[in-house]
Amino acid sequence: MLRTVITGVSGRMGSTLLRLARSTPGLTVVGATSRTGSPAVGQDAGTAARLSDPLGLAVLDDLGKAIDAGAQVVIDFTSAEASVEHARLCAVRGVPMVIGSTGFSPDTRSEVASASMSIPIVLAPNTSVGVNVVIQVAAELARVLGEGFDVEVLETHHNKKKDAPSGTALRLAEVLAQSLGRTSDDLVFARKGWLGARAPQEIGVQALRGGDVVGEHTVFFFGEGERVELTHRATSRDQFAKGALRAANWVVAQRPGIYDMADVLGLKRTA
Ligand SMILES: NC(=O)C1=CN([C@@H]2O[C@H](COP(=O)(O)OP(=O)(O)OC[C@H]3O[C@@H](n4cnc5c(N)ncnc54)[C@H](OP(=O)(O)O)[C@@H]3O)[C@@H](O)[C@H]2O)C=CC1
Ligand SMILES: O=C(O)C1=N[C@H](C(=O)O)C[C@H](O)C1
């Protein structure tokens, strides 16, 4: 049985992970955490995650204590800042991680990279199988269509999402730029004002927020007289959680290093 700790257990993803982990053969949840000061701390994890049954496991605000229950892997969907703290601790304790949090700055990402010198970490802005295949296809489409198509990425998420653009949109933009031989200087985040005509090398990234949208990403290739659109729509968080649980099983057998879902799924790395 893979002894697993889930952080942020009362959150949208943490609660989905706990529900699905309970019915995943070969995996057992030995710890659950939340933020210090959260009402979830001290509650039963099942209650904190709004499940129908209690789990018989209290939510802690100390990941170290949760790991003491013999954890073999930590699954972390909290925030970039919290994930950095968690990664530092897991590196010291030698516990592999799956990090699904987004909103990393270059500095916080390099902190995760430092932790990955000691432990294997899957760091994935999107753990659904579908999105990761879409990322591969987008890279291929960019290569095949080449110049002559204006490339734009549009993402839509629920009104509680804090970071923008989404980690997935950033990943798509990075992969598209690499495919097209462009750089991060070519990424254009939203537009306003008298900007002049669109430069052909731009890769636009736009974000919409509203309602309960789970997560939608479209890559547009605008050509002359034709347009290609590649869209992924998540209608449930279950697919993110299933991918993360699959990554947890995979990461415990890896050497220290930083991995993404393409590695877990055996897809060709795109960037
Ligand atoms: N990789 C993927 O496929 C996906 C990634 N995400 C990303 O995952 C992250 C979480 O998303 P979501 O579940 O919607 O957000 P939520 O805000 O619903 O959940 C985050 C949870 O983490 C808790 N938390 C914050 N700090 C800590 C800490 N130090 N220790 C333990 N728990 C902590 C929060 O507590 P409190 O509310 O009290 O602050 C909250 O319960 C985001 O970065 C999001 O972008 C989301 C979906 C899919
Ligand atoms: O915050 C979310 O909800 C999501 N975040 C991820 C991201 O930023 O890409 C993945 C997913 O689209 C849902």
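Residues numbered from 1 in each chain as written. Chains lettered and ligands numbered in written order. Predicted model: local features only at pLDDT ≥ 70, side-chain atom pairs only at ≥ 80, totals over all residues. Heavy atoms only, no water.

### Looking at the site of ligand 1
To be explicit about the condition: The near set for a molecule or strand comprises every residue that places at least one heavy atom within 4 Å of it. Throughout this description, a polar contact denotes any pair of N or O atoms lying within 3.5 Å of each other; where both atoms belong to protein, one of them has to be capable of donating a hydrogen while the other can accept it, and for residues adjacent in sequence the pair is counted only when both atoms sit in side chains. All accessible-area figures derive from a Shrake-Rupley calculation using a 1.4 Å probe, and residue coverage is judged against the displayed protein chains alone. Only protein atoms enter the 1 Å grid used here. Points where a 1.4 Å probe fits but cannot escape make up a cavity, open sets with protein on both sides within 12 Å along at least five of seven lines make up a pocket, and a residue lines them when an atom lies within 4 Å of a point. Any molecule with more than half of its atoms within 2 Å of a cavity's or pocket's grid points is counted as sitting in it. Strands are runs of DSSP state E lasting at least two residues, helices are runs of H or I lasting at least four, and both sets are numbered from the N terminus onward. In this classification, the charged set is Asp, Glu, Lys and Arg, the nonpolar set is Ala, Val, Leu, Ile, Met, Phe, Trp, Tyr, Cys and Pro, and all remaining amino acids, among them Gly, are polar.
Among the 23 residues in the neighbourhood of ligand 1, the closest are listed as Arg 12, Met 13, Arg 35, Thr 102 and Thr 127. His 86 places a side-chain nitrogen or oxygen 3.5 Å from a nitrogen atom of ligand 1. One of the side-chain nitrogen or oxygen atoms of Thr 102 is found 2.6 Å away from an oxygen atom of ligand 1. Here ligand 1, which alone exposes 910 Å², has 81% of that area covered by the protein. Of all the cavities here, the one that holds ligand 1 is the largest pocket. Looking at the shell around ligand 1, the elements with two or more residues in it are helix H1 (12-22) and helix H4 (80-93). Looking at the shell around ligand 1 residue by residue, the classes come out as six nonpolar, 13 polar and four charged.

### Section: the nonpolar core
Here is the rule we go by: Grouping buried Ala, Val, Leu, Ile, Met, Phe, Trp, Tyr and Cys residues that are joined through side-chain atoms within 4.5 Å yields what is termed a nonpolar core. Partly exposed describes any residue whose relative accessible area lies between the buried limit of under 20% and the exposed limit of over 50%, with all areas from a 1.4 Å probe on protein chains only and scaled to the type maximum.
One finds Leu 17, Leu 18, Ile 75, Val 98 and Val 122 to be the most contacted residues of the largest nonpolar core, which totals 37 residues. Elements with a contribution of two residues or more to this core: strand S1 (2-6), H1, strand S2 (27-32), helix H2 (45-48), strand S3 (73-76), helix H8 (238-251) and helix H9 (261-265). Judged by nonpolar contacts, the second largest core, of 22 residues, contains Val 131, Ala 169, Leu 180 and Phe 221.

### Some points on the confidence of the model for the protein
Just so we agree on the cut-off: Confidence of the prediction at every residue is given by pLDDT, a number between 0 and 100.
On average, residues of the protein carry a pLDDT of 97, and 99% of them reach 70 or more. In the model output, the complex is listed with pTM 0.97 alongside ipTM 0.99.

### Some details on the side chain of Ser 179
Heads up, the condition is: Contacts were defined at the residue level, with two residues in contact if any of their heavy atoms lie within 4.5 Å.
Turning to its location among the elements, Ser 179 is positioned in helix H7 (residues 167-179). Among residues more than four places away in sequence, those in contact with Ser 179 are Ala 139, Ala 142 and Arg 143.

### Here's the deal with empty space enclosed by the protein
Where we set the bar: Grid points are joined across faces, edges and corners, and a volume is the space filled by probe spheres set on the points.
On inspection of all chains with the given rule, the structure shows two cavities of 30 Å³ or more. Forming the boundary of the second largest cavity are Ala 124, Pro 125, Asn 126, Asn 132, Ile 135, Arg 171, Asp 260 and Met 261. Taken together, the residues of the lining of the second largest cavity sort by class into four nonpolar, two polar and two charged.

### A short note on the domain arrangement of the protein
Heads up, the rule is: Domain extents, as shown, originate in an automatic or database domain assignment. Buried area: the sum, over both parts, of the accessible surface (1.4 Å probe) that disappears when the two are put together. Any Lys or Arg side-chain nitrogen located within 4 Å of an Asp or Glu carboxyl oxygen qualifies as a salt bridge.
By domain assignment, the protein separates into domain 1 (2-123 + 237-270) and domain 2 (129-234). On a C-alpha basis, the centres of domain 1 and domain 2 stand 28 Å from each other. Contacts between domain 1 and domain 2 engage 14 residues on the former and 18 residues on the latter. The contact between domain 1 and domain 2 buries some 1300 Å² in all, and 52% of this surface belongs to carbon and sulfur atoms. Summed over the shared surface of domain 1 and domain 2, the number is one salt bridge. A salt bridge links Arg 171 to Asp 260; its shortest N-O distance comes to 2.8 Å. The interface formed by domain 1 and domain 2 holds two residue pairs in polar contact (both at pLDDT 80 or more) in total. Going through the elements one at a time, H8 and H9 are the ones with two or more residues in the side of domain 1 that touches domain 2. It is H9 that provides the largest number of residues to the side of domain 1 that touches domain 2, a total of three residues. By residue class, the composition of the side of domain 1 that touches domain 2 is five nonpolar, three polar and six charged.

### With respect to unusual backbone geometry
Look at the link from Ala 164 to Pro 165: it is a cis peptide, with omega at -10°. Note on placement: Pro 165 falls in the loop between strand S6 (150-157) and H7. With a phi close to 60°, Arg 50 is a non-glycine residue in the positive phi region. Here Arg 50 shows up in the loop between H2 and helix H3 (63-67). Of note in this structure, Ala 190 is not a glycine but carries a positive phi near 65°. Along the polypeptide, Ala 190 turns up in the loop between strand S7 (187-189) and strand S8 (203-209).

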